[in-house]
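Here is how the chains run, residue by residue.
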Amino acid sequence: MTSTAPAAPPATPPGPLPPVQDLLGPFTDERPRAPWGLRVVATLLDSALVASVAFLATGDTPSFGALPGLGQAGTAPLDAPTAAWVAGTLLVLGAFQAYTGMTPGKRAVGISVVDDRSGRPIGLPGTMVRWFAHVLDTILLVGYLRAAFHHEGRTFADSLLGTVAVRTTTPLPHPLVARVRAARDAHAPWLRWPRRVTGAVALVVCAAAAAASVTSSGGGSRQAAQDETSCASTGDFAATAIVSGARDTRWDSRLGITRVTEQDWSVSVAWSTGLGVDASDNPDVGAATAAVAVTSSEGDSFTSGGPFGGTVDDGVDDGVDDGVSVSDEVASATVAVPRDPGGWTARVALMDEHGSVVAECSAPVPTVDADPLEEHW
């Protein structure tokens, strides 16, 4: 006589999501109220994660990205690339919380956000609405502090959306997740992995993000073009103009990873009468001043003033490091440009004390080849 193995349970059939059953109250013995302190730690870890992703991608370091309305007061708005990375990271974190109840920070400290009736995660639409509802909690931080004293630990956003924070990493699954798990178990059980693996990954990621946030260091450096270009005057005053380019770099380093956070470019000119030009017959120009106009290959123009428009620089004794050092300097000027000016054309002028142009010429702007981070790696 042979025995037959019991038939495997049928896979979850396609169709509408299963109904959600209400629990007896928002908390159970398996899902007690989450301590307020753990919620704070989870938020700090998520914010460190958002900032770390933005730093690795763009070099910028936003703070408290996990909470709307915090961390950016009094600071310059994020540029487009950084804002895109922050928004994308928040969307990923939101999706984790929407369908598992946990962001990496919440998973690391062992809490979840669930619906107060069903004990299940609330899905992506509800999670996004709840996140924006946190704006109410940022008003004098009253909403966030409310959770520390409310008998169910709710912020204003929790009360509006009907959610509670519970101390568990195994909340009842969202209906969509339950269906996905059932299909996985029926067709690809080898895709299952121990829950402790997920917890370990979340802990490592959050620990690295937190360490990056507390070990940051920064600095800056200036790199000038190794080669300078020059041109001789075409006016009555015999002189030579030396043109140079420079880059000012500010950088930030976290866990040994360095990213450039800001770069400023400039073009400088210095007029000299001691570079082999016979200046014995030069007229007296009094307190001379210099000006420079830089034109890009696309036709954009940037000027320091003088005959090119705007206010002229003060001259050689203005205390500004223009990156050009020449003998018998008569006057100098510097103009800021928004990007690398290597190969652009610099038109330079020298004016006498009355503002009349006494010398003028043009030269290409040299390229700054030095690596701004070479000395810091």
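Above this text you will find the structure in question.
Quick caveat: nothing in here was measured; it's all calculated off a predicted structure.

Caption draft 1: Expanded view of the environment of A225. For A225, the position within the fold is in the loop between β3 (217–224) and β4 (229–232). On a C-alpha basis, the gap between A225 and R247 in space is 8.5 Å, while along the polypeptide they are 22 residues apart. Contacts of A225, omitting those with residues within four sequence positions, involve S244, G245, P366, T367 and V368.

Caption draft 2: View of the sheet that holds strand β10 (residues 345–351). The strand order across the open sheet built from four strands is β8-β7-β10-β11, with neighbouring strands paired in antiparallel fashion. Looking along the sheet, the strands with just one partner apiece sit at the ends: β8 (301–303) and β11 (357–364). Here the average twist between neighbouring strands, direction ignored, is 15°. When strand β7 (residues 289–295) meets β8, the two strands line up antiparallel, connected through three bridges. From the neighbouring strand, V294 faces β8, where its bridge partner is F302.

Caption draft 3: Just the pattern of salt bridges, in detail. Taken as a whole, this structure holds 13 salt bridges when the rule is applied. With its nearest N and O atoms 2.7 Å apart, the salt bridge here joins E152 to R154. By the burial criterion, E152 is buried, and R154 matches it. A salt bridge links D248 to R222; the nearest nitrogen and oxygen atoms lie 2.8 Å apart. Taken together, the residues span a long stretch of sequence, with D248 in strand β5 (residues 240–254) and R222 in strand β3 at a distance of 26 residues. Three or more residues are tied together by salt bridges with common partners; here these are R39, R130 and D158.

Thresholds, definitions, all that
- Every chain is numbered on its own, with residues counted from 1 as its sequence reads.
- Only residues with pLDDT of at least 70 are given local features in this predicted model, and only at 80 or more are side-chain atom pairs given and counted; all residues enter the totals for whole chains, interfaces and linings.
- Values shown for side chains rest on all heavy atoms present in the structure; no hydrogens or waters enter the calculation.
- In this description a helix means any DSSP run of H or I spanning at least four residues, a strand means any run of E spanning at least two, and both kinds are numbered starting from the N terminus.
- We call two residues contacting when some pair of their heavy atoms lies within 4.5 Å.
- What makes two strands pair is DSSP finding at least two bridges between them.
- Axis geometry follows a simple rule: fit a line to the C-alpha atoms, using only the stretch in contact for helices, then measure angles between N-to-C directions, giving values from 0 to 180 degrees.
- Any Lys or Arg side-chain nitrogen located within 4 Å of an Asp or Glu carboxyl oxygen qualifies as a salt bridge.
- Only protein chains enter the accessibility calculation, which uses a 1.4 Å probe; a residue is then buried when its area is under 20% of its type maximum, exposed when over 50%, and partly exposed in between.

Honestly, it's all geometry; don't read function into it.
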